[in-house]
Every structure is written in structure tokens, then in C-alpha cells.
Amino acid sequence: MFSKKHLAPAIAAPAPAPPLSETALRALANPYVGAGAAGALFIVVLLTLVALIGDPKASSPVVRLSLAKIGGEAAPDGWREALARGGGQPSVTEDIFRLSETPIGADAAMGEATITMQGGGAFHAADPLPQAPLAGFHSQGPSGPLPIIAANGKTPAEAYARPFAPNGRPKVALVIGGLGLNAAATRQAIDTLPPEITLSFVPYAEGLQGWIDLARAAGHEVLLETPMEPSDYPDNDPGPYTLLADSPGSETVKKLEWVLSRATGYFGVTNYLGSRFMTSDAGMNAFQTALRGRGLAFIDDGQAARRTGPMRASAARIIDEQLSGQAIDQQLLAIEAGALQHGQALGSGFAYPVTLSQVAKWAESVESRGYQLAPASALISRR
């Protein structure tokens, strides 16, 4: 509220100003002095306006970030070294530390960083997901930590999924896979895709836990890819821990547990290839039984759509079988059409540069067309 100012009953005529001396006139004629005087006058006028009408940024949205939270959650022990071994360095987290005006440390434990957004636009900030592993959801296996159902019955699928609140609109979700091997593509996916996009990581990636930590710090939920036998195996070989259609169930479980022990923080697994393995009833039964026992979801790229069970979802289509921006856009529109018809739809894609670019553009406007962008975990069957 503006303060009221009392006016004097009469205004006296101003007294004549004293004449300027010759020295003062010469000083004003100097261009540097004149520019300085003009600058000083501008500052005085600006401060006067702010005092009268208030801070012009006062109506802009303001975001306050806890430095203690950033310092505690953005730099888990060992992730820098892990990422260095994987051939890439983090960007977002390092920028937070480097650009913060207040150093993050013991002295800043109670501090806050304040960011004022220009233009009055909305700011959708994603809270980081809790750092993995969460207590009670893993036990030590022969090759590393393995997910387990907590004593209270809560599953890792529930604990590590991104929280989601439906708003009644048709839900669209995407899984982007193949991450962890190429540092540039992995950083691009984490940094440029909205946090509702689910990210899928290759178990053979170096520094896998560091990448998963960074993805979760950016709000993304995570899947772990399980190599499965394709129809042209062994010409097309997904690696030494590929699940084979004709293997005994015990061998399938042993290889699966090796994959699961590579890292923590994922809510489920997805397939990598698998056109032959997923036609094997014995192989898939052993695989899905092992997942259920560990409380993990299974989301496939559409090849296992006929398989039912709890914590299951299948992609309606792969969006980048044709690597062109126009073809990918058509697939994304088809996913929207499926969501409109069925209430929800899931797509999958690979971390090709064109895929990441088109998905980022699509995600900017999909909700303005009446849909809700959702993490893949929000579309799984709970039966």
C-alpha cells in the first residue's frame, strides 16, 4: 500500500539559483564528467521509482532451493569417480556447486538459494527422488546388492517409482533406453527430458550407479535392461548374461540376479532384444517368478504384450524404428491417440540424438493438448 503524503497549504516561489562558476562550466563540458553525472541521475531516478512503485520483480515466481538438500542429495559418495571411469562427467550437479553464490558445505547447511524467474512464467521444478539404496529394500547377493521386498510388504517397485497423482486426463508415458554406454547421450537424456520420462540403463555400463544416481537426482525413475535372446542369436549377441530360451530356470535366475546386482535405485526391468526368449513359456515363467519374488515391475517394448501378471506394462509402439524426426512425431501422435481411446498409452524408444530431440519438443506441448505426461510406473497393472 502506498503511504499518503501531506501537501503544504501553499508553495513558495523558488529562490533564484546561484550562477555557475567558470570552473563548474568547464567540468560539465568534459564528456566523462557529463556521462558520469547522467549515470548518477539515472540511478537516483530508478531508486526513486522502486521506492514509489515497488520491486518490478516482486510479482515474478520465486523458487527457493535448500543448499543443505542439494549438498546432501546431489553428491553421493563415489559418483564422481564412477562417472569418470565411465568416460563422462556430470553437468547439472557440477553446475549447481560451481554457480551457487553460497558455497555448499558445513557453513551453508541452513542456507537457501533463491531463483527469481523472469516474465512471470510458471516454473515446474522436479524434486529429486531419494538417493538409492533405500534402507530395507536390498540384501547382499553373490555379485552385489539385490532388491528385496521390505519387512512391511512394500516392494522396490513402489519405493523407487516416481510419485504420481492422476488428474483425470489420458495418461501418456515413454521409456527411453540404451543409456549408460554413451556419456553424451546419457547426459542429454537426463538433462533435457522432463522428469516424467522413464530412463532405462544398460547393465554393462561403466559407472552405472553414478548414472542412476544422477538420473534420480533429476527426478527420473529408472529401469534396468535385461539382455534376452533374439531370434538371430548368436549372430546378434546381447552379451554374456543374455537370458536364453532353452536354459534351465536356475540358469535364467542366476543370470538375472547378476543383472540386478549391478546397481540399486531401479523400480523394475525392461527387455533388451528378446524376440526368441519372450516366446519361451518356461523361460518367461522363471524370469517373471523371480521378479515377483523381488518385488520388481516388468515393462517391455511390446514384444511380451500377451504376458500378464502383476506389475506389468507393455509399450504400444516403438517410436523410433524409423530414424527421422517426422516418423518419430507420427509415432508420438499415435501414442496420444491410443491414450485418448484407452485412457493411457506407453511408448518406448532408444537414446538416439534425433529421438531425444523430438521427445523433448513433444513433451513441451503434450499436456496443452489435454493429456497428462506420466512415468511408466503409473501405467503398470497392479493385479
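The numbers attached to residues start from 1 for each chain and follow its sequence in the written order. With pLDDT at 70 or above as the cut-off, local features in this predicted model cover only qualifying residues; side-chain atom pairs require 80 or more to be listed or tallied, and sums for whole chains, interfaces and linings still use all residues. As a convention, hydrogens and water are excluded, and side-chain values are obtained from all of the structure's heavy atoms.

Going by the annotation in an unreviewed UniProt entry, the name recorded for the protein is Divergent polysaccharide deacetylase family protein, with Phenylobacterium haematophilum given as the source organism.

It is worth spelling out the overall build of the protein at this point. For helices the rule is a DSSP run of H or I covering at least 4 residues; for strands it is a run of E covering at least 2, with both sets numbered from the N terminus onward. In terms of regular secondary structure, the protein is built from twelve helices and 13 strands. Accessibility here uses a 1.4 Å probe with only protein chains present; expressed as a share of the type maximum, an area under 20% marks a residue as buried, one over 50% as exposed, and anything in between as partly exposed. Counting all 383 residues of the protein, 41% fall into the buried class. Residue contacts follow a heavy-atom distance rule, with two residues in contact if any of their heavy atoms lie within 4.5 Å. Across the protein, every contact between residues at least 6 apart in sequence was considered, and the portion connecting residues at least 24 apart equals 71%. On the protein, roughly 20600 Å² of surface is accessible, and the fraction owed to carbon and sulfur atoms is 57%. Reported accessibility uses the Shrake-Rupley method at a 1.4 Å probe radius. Residues are deemed covered only where the shown protein chains occlude them.

For an α-helix, the turn length of 3.6 residues means that residues three or four places apart are oriented alike. Taken together, the buried positions of helix α7 (residues 183–192) are occupied by Ala183, Ala185, Thr186, Ala189 and Ile190. At its buried positions, α7 is contacted by β5 (171–179), β6 (198–201), α8 (208–217) and α12 (353–365).

This part is about the layout of surface pockets. The distinction between a cavity and a pocket rests on a 1 Å grid over the protein atoms alone: a 1.4 Å probe fits inside a cavity but cannot get out, while a pocket stays open yet meets protein on both sides within 12 Å along at least five of seven lines, and a residue with an atom within 4 Å of a point counts as lining. Grid points are joined across faces, edges and corners, and a volume is the space filled by probe spheres set on the points. For the second largest pocket, the calculated volume is near 440 Å³. Taken together, 24 residues make up the lining of the second largest pocket; nearest its centre are Asp301, Ile318, Ser348, Gly349 and Phe350. When contributions to the lining of the second largest pocket are tallied by element, the ones reaching two or more residues are β5, β8 (268–273), β9 (297–300) and β12 (344–350).

The subject of this paragraph is the nonpolar core. In terms of nonpolar packing, the biggest core is built from 54 residues, with Leu193, Leu199, Phe201, Phe287 and Phe298 touching the most fellow members. The term nonpolar core refers to a set of buried residues drawn from Ala, Val, Leu, Ile, Met, Phe, Trp, Tyr and Cys, joined through side-chain atoms within 4.5 Å. Membership of the second largest hydrophobic core comes to 21 residues, among which are Ala150, Ala313, Ala315 and Ala374.

Residues shown with low pLDDT carry predicted positions that ought not to be read at fine detail. Scored between 0 and 100, pLDDT is the confidence that the predictor attaches to each residue. On average, residues of the protein score 78 in pLDDT, and 67% of them reach the 70 mark or higher. This stretch, residues 1–18, has a pLDDT under 50; its non-local contacts, to residues over four places away or in other chains, come to two contacts. Contacts of residues 49–125 to residues separated by more than four positions or lying in other chains number 93 contacts, the stretch itself having pLDDT below 50.

This part is about the packing of α7 against α8. Between two packed helices, what matters for the description is the angle formed by their axes and the separation of those axes. One way to put it is that α7 packs onto α8 with a least axis distance of 10 Å and a crossing angle of 20°. Here α7 is positioned roughly parallel relative to α8, judged by the angle of their axes. The two elements α7 and α8 cross, and the hand of that crossing is right-handed. Contacts from Ala183, Thr186, Arg187 and Ile190 in α7 reach Trp211, Leu214 and Ala215 in α8. Only Asp, Glu, Lys and Arg are considered charged in this grouping, and only Ala, Val, Leu, Ile, Met, Phe, Trp, Tyr, Cys and Pro are considered nonpolar; every other residue, Gly among them, is considered polar. Looking at the contact of α7 with α8, its residues break down into five nonpolar, one polar and one charged. The axes are straight lines fitted to the C-alpha atoms, using for helices just the contacting stretch, and the angles between their N-to-C directions are given from 0 to 180°. The labels follow the angle: roughly parallel below 35 degrees, roughly antiparallel above 145, roughly perpendicular from 65 to 115, and oblique for the rest. Definitions for this section: a left-handed crossing has its near helix turned counterclockwise from the far helix by less than a right angle. A right-handed crossing has that turn clockwise.

For the bond from Ala132 to Pro133, the omega torsion is 0°, close enough to zero to count as cis. In this fold, Pro133 is placed in the loop between β2 (112–116) and β3 (138–140). Between Tyr233 and the following residue, Pro234, the backbone shows a cis peptide bond with an omega angle of 10°. Here Pro234 is to be found in the loop between β7 (222–228) and α9 (249–260). With a phi angle near 60°, Leu273 is a residue other than glycine that sits in the positive phi range. Among the structural elements, Leu273 can be located in strand β8.

What follows concerns the environment of Thr355. For Thr355, the position within the fold is in helix α12. For Thr355, a relative accessible area of 0% translates into the label buried. In this structure, the C-alpha to C-alpha distance between Thr355 and Ser324, residues 31 residues apart in sequence, is 8.3 Å. Apart from the residues lying within four places of it in its own chain, the contact partners of Thr355 are Ile176, Ile319, Asp320, Leu323, Ile328 and Phe350.

Turning our attention to the pattern of salt bridges. Oppositely charged side chains are able to pair whenever their charged atoms sit close together. A side-chain nitrogen of Lys or Arg and a carboxyl oxygen of Asp or Glu constitute a salt bridge if their distance falls within 4 Å. Per the stated rule, a full pass over the model turns up eight salt bridges. Between Glu257 and Arg294 there is a salt bridge, with the nearest N and O atoms lying 3.2 Å from each other. Taken as a pair, Glu257 in helix α9 and Arg294 in helix α10 (residues 281–294) lie far apart in primary sequence, 37 residues in all. A residue is classified by how much of its surface remains accessible, and Glu257, at 24% relative accessible area, is partly exposed. Taking relative accessible area as the criterion, Arg294 reaches 17% and is therefore assigned buried. Ionic contacts of the salt-bridge type, sharing partners, join the residues Glu229, Asp246 and Arg276 into one network.

Further remarks concern a nonpolar patch on the surface. A residue counts toward a patch only above 30% relative accessible area and without a salt bridge, and it is joined to like-charged neighbours within 9 Å or, for Val, Leu, Ile, Met, Phe, Trp and Tyr, to nonpolar neighbours within 5 Å. Taken together, the side chains of Leu323, Phe350 and Tyr352 define a hydrophobic patch exposed on the protein surface, amounting to about 260 Å² of accessible area. Mapped onto the elements of the fold, Tyr352 is located in the loop between β12 and α12.

In terms of burial, β12 is a largely internal element, five of the seven residues being buried. Following the chain from strand β11 (residues 317–318) across helix α11 (residues 325–342) to the adjacent parallel β12, one finds a crossover that is right-handed. With strands facing away from the observer, any crossover in which the path from the first strand over the helix to the second runs clockwise is taken as right-handed.

Before going further, it helps to examine the pairing of β5. The element β5 is extensively covered by neighbouring structure, given that nine of its nine residues are classed as buried. Here β5 pairs with β12 via seven bridges, running parallel. Bridging across to β12, Ile176 finds its partner in Gly349. When DSSP finds two or more bridges between a pair of strands, those strands are recorded as paired. With two bridges connecting them, β5 and strand β13 (residues 372–373) associate as parallel partners. In the strand pairing of β13, Lys171 is matched with Gln372. Regarding topology, α7 serves as the crossover connection from β5 to the parallel β6, and that connection is right-handed.

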